[in-house]
Amino acid sequence: QAQLMESGGGLVQAGGSLTLSCAAYGITFSDNVMGWYRQASGNERELVARITPGSSTNYADSVQGRFTISRDNSKSTIYLQMNSLKPEDTAVYYCFSVHLALAHHPNLGSWGQGTQVTVSS
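Bear in mind that the values here come from a model prediction, so they are computed numbers and not experimental data. (Residues numbered from 1 in each chain as written. Predicted model: local features only at pLDDT ≥ 70, side-chain atom pairs only at ≥ 80, totals over all residues. Heavy atoms only, no water.)

A. Region of interest: the overall build of the protein. On a plain count of helices and strands, the protein comes out with zero helices and 11 strands. Reading the secondary structure of the protein in the N-to-C direction produces β-β-β-β-β-β-β-β-β-β-β. Radius of gyration (C-alpha) of the protein: 13 Å, near the 14 Å computed for a compact globule of 121 residues. Each principal axis of the C-alpha distribution contributes one length, and for the protein these read about 40 × 30 × 25 Å. Counting the 121 residues in the protein, one finds 41% classified as buried. Charge-centre separation for the protein: the mean point of 7 positive side chains lies 3 Å from the mean point of 8 negative side chains. (Helix = DSSP H or I, 4+ residues; strand = E, 2+ residues; numbered from the N terminus. Rg over C-alpha atoms; globule rule 2.2 N^0.38 Å. Buried < 20%, exposed > 50% of the residue type's maximum accessible area, 1.4 Å probe, protein only. Lys, Arg positive; Asp, Glu negative; His and termini not counted. Charge placed at Lys NZ, Arg CZ, Asp CG, Glu CD.)

As structure tokens, this is what we get:
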């Protein structure tokens, strides 16, 4: 059974940086698209970034140039380096994993429990 374990959330001042990690278990990591969604209070969940098995990346316009997603296949882990954080980045960040064949249907994949990121002004 797939399990995703997130870490690295916390409280940071605006302009600061955080790095989120997501370790995957029970999946063939190299066959999966991995990524991050976030959900702010009262808002819908939105895609932040995703990375394919071949390390192609996609970012939300709101984080382009500030966030960097990467993967380490040897550790079955992805990372989200978040720089120049803004108060509007405050949200619960969820890691997801979905087989490449279902890349456009992340709801059919596996999800972590979420990690809170709070950016103070």
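B. Main features of the pairing of strand E3 (residues 18-25). Of all eight residues making up E3, six are buried, and the element is well covered by its neighbours. Where strand E1 (residues 3-7) meets E3, five bridges bridge the pair, whose relative direction is antiparallel. Considered in E3, the bridge of glutamine 3 is made with tyrosine 25. As judged from the six bridges shared by E3 and strand E8 (residues 77-82), these two strands associate in the antiparallel manner. Bridging across to E8, cysteine 22 finds its partner in isoleucine 78. (Pairing = 2+ DSSP bridges.)

C. A look at the environment of valine 12. Along the chain, valine 12 falls in strand E2 (residues 10-13). If we skip the residues at most four places from it in the chain, valine 12 touches Ser17, Leu18, Leu85, Thr118, Val119 and Ser120. (Contact = heavy atoms within 4.5 Å.)

D. The sheet that holds E8, seen in detail. Taken together, the four strands give an open sheet; going across it, the order is E1-E3-E8-E7, and neighbouring strands pair in antiparallel fashion. Here the strands that pair on one side only, and so sit at the sheet edges, are E1 and strand E7 (67-72). Between one strand axis and the next, the sheet turns by 15° as a mean value, whatever way the strands run. (Axes fitted to C-alpha atoms, helices over the stretch in contact; angles between N-to-C directions.)

E. How the structure looks around unusual backbone geometry. Backbone geometry at serine 55 places phi at a positive 70°, although glycine is not the residue there. Tracing the chain through its elements places serine 55 in the loop between strand E5 (46-51) and strand E6 (57-59). We classify serine 55 as partly exposed; its relative accessible area is 42%. Residues other than glycine seldom take positive phi values, yet serine 76 does so here, at roughly 50°.

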